[in-house]
Amino acid sequence: MKTLKVAMLGFGNAGQSFAEILLDKHQQICDKYGVDVRVTAIATGSRGCMVQPRGLDLKEALRLIRETGSFPADHPDYYEPLYADCHCAGEPASMTIAREADYDVLMELTPLRIFSGQPAISHLQTAISRGKHAITANKGPIAWAFRQLRDLAEKNSVHFYYETTVMDGTPIFNLVDETLRFCTVTEVHGILNTTTNFILEEMAKGVPYEEAMEEGRRRGFVEADPSMDMEGWDAAAKLTALLNVLMGADITPNDVDRIGIAHITEDDIRAAASRGNVIKLICHGAFSDTSENASENASENTGQKAAARRVTATVKPVEVPRDQLLANIDGTSSVVSITTDLMGKLSIVEHNPEILQTGYGIFSDLLRLIANL
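Residues numbered from 1 in each chain as written. Predicted model: local features only at pLDDT ≥ 70, side-chain atom pairs only at ≥ 80, totals over all residues. Heavy atoms only, no water.

**Structural notes on the sheet that holds strand S4 (residues 78–79)**
Ordered in space as S4-S3-S2-S1-S5-S6-S7, the 7 strands form an open sheet in which the pairing is mixed. Unpaired on one side and paired on the other, S4 and strand S7 (160–161) mark the two borders of the sheet. For strand S1 (residues 2–9) and strand S2 (residues 35–43), the ladder comprises 8 bridges, and the chain directions are parallel. Bridge pairing links Leu9 to Ala43 in S2. The strands that helix H1 (residues 13–33) touches are S1, S2 and strand S5 (105–108); relative to S2, the one it contacts most, it runs at about 160°. (Pairing = 2+ DSSP bridges. Helix = DSSP H or I, 4+ residues; strand = E, 2+ residues; numbered from the N terminus. Contact = heavy atoms within 4.5 Å. Axes fitted to C-alpha atoms, helices over the stretch in contact; angles between N-to-C directions.)

Have a look at this one:
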């Protein structure tokens, strides 16, 4: 039986959810694919690291994090980098693991740094340059450096997957890659930020803004500092990721014409309601060139070579008629509509996801990788 070694950079809620799924489905993977998946390294930002080339006890790792909050320094698999030279002194342990650990697949699960995509980009570049496969749930690298990472993966003949970066485990990228072959995506439209969708819906019910925020924090999906959501940056990063992959946009979040919802008042919401509308934070991207020759340069599946045509991207509050699909995306649900040349417009909705869906997105990328080895 073949062994596939995995290094996990990040072990927060998504990583722990993935670990639970892997433990539950491990034997089925062995039976179906003849592959024994072993996690050989786990790096965290402040709770310690574990490395064991033969494979960590994943169940024990979960117990330690959940019961004690960290990996204890006296654990036999505890890892602390010993810097052999000064140039790497002080670098995060995650980078040392990416550069030196024994693994076949790197999972980039570290927190998003929305204005740079680092250090996640460097983690992935390091792994791919070593000839290792890579999976990321961090949208930063796809929003800021997708083309470079994709080209590097092709050069090194490794797989690079990123399904979880937008709408958790919802199969958007897989849908286009595996099902919509030879279709060119010409437009992306949707609601991609769950926090703003929830806040706007609660305000439409008459719930004061601060009360809606507090409820979102209590339920765990509103950050202590929600500015990245409220100002539209999170939605812009997700839209950028979609456009870079599906339409070859080669843009960054800075290129998105972005307006958040921080200025939206209860009066605005009531006025929209009087017109039979609701306010939603809408993401939209399309080719600015709509001529008959618009698809000539598109490559199979993603239209990546069509980057010569400019893609315009916007994130802004929009009044949506109540009888439209977007108006009925409630709570923490999301939706993305993809317009193609051959299959027309397709929409996929994710209904009120939990962390299990994010864990499954990572797991599904691992299964895709295994199936393509």
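**Concerning the environment of Asp177**
Its place among the elements puts Asp177 in helix H6 (residues 173–179). A residue is classified by how much of its surface remains accessible, and Asp177, at 15% relative accessible area, is buried. For the pair Asp177 and Leu246, spaced 69 residues apart in sequence, the C-alpha to C-alpha distance is 9.0 Å. (Buried < 20%, exposed > 50% of the residue type's maximum accessible area, 1.4 Å probe, protein only.)

**Notes on the confidence of the model for the protein chain**
In the predicted model, the protein chain carries a mean pLDDT of 92, and 92% of its residues have values of at least 70. For residues 290–307, every residue scores under 50 in pLDDT, and the model assigns this stretch 36 contacts once sequence neighbours within four places are set aside. (pLDDT = per-residue confidence, 0-100.)

**Examining the nonpolar core**
Counting 74 residues, the largest nonpolar core has Phe160, Val188, Leu239, Leu242, Leu243 and Leu246 as the members making the most contacts within it. In terms of residue count, the dominant contributor to this core is helix H10 (residues 233–247) (11 residues). (Core = buried A, V, L, I, M, F, W, Y, C linked by side-chain atoms within 4.5 Å.)

**Structural notes on the environment of Ile251**
With respect to the element layout, Ile251 can be found in the loop between H10 and strand S9 (257–258). Accessibility expressed as a relative area gives 10% for Ile251, which makes it buried. Separated by 107 residues in sequence, Ile251 and Trp144 have C-alpha atoms that sit 7.4 Å apart. Residue contacts for Ile251: discarding those within four places in its chain leaves Ala143, Thr240, Leu243, Asn244 and Ala313.

**A word on the packing of aromatic side chains**
Tallying each qualifying case throughout the model produces 7 aromatic pairs. Ring plane angle 50° and centroid distance 6.2 Å describe the contact between Tyr360 and Phe363, whose orientation is recorded as tilted. Here the residue Tyr360 and the residue Phe363 both occupy positions in helix H12 (residues 355–372), the gap between them amounting to 3 residues, near one helical turn. The class for Tyr360 is partly exposed, based on a relative accessible area of 42%. Here the aromatic cluster, defined as three or more aromatic residues joined through ring pairs, consists of Phe146, Phe160, Tyr162 and Phe173. The ring centre of Tyr103 lies 5.7 Å from the NZ or CZ of Lys132, which sits over that ring. Geometry around Trp233 places Arg258 over its ring, the cationic atom sitting 3.9 Å from the centre. (Phe/Tyr/Trp six-rings, centres within 6.5 Å; stacked < 30°, edge-to-face > 60°. Lys NZ or Arg CZ within 6 Å of the ring centre and 35° of its normal.)

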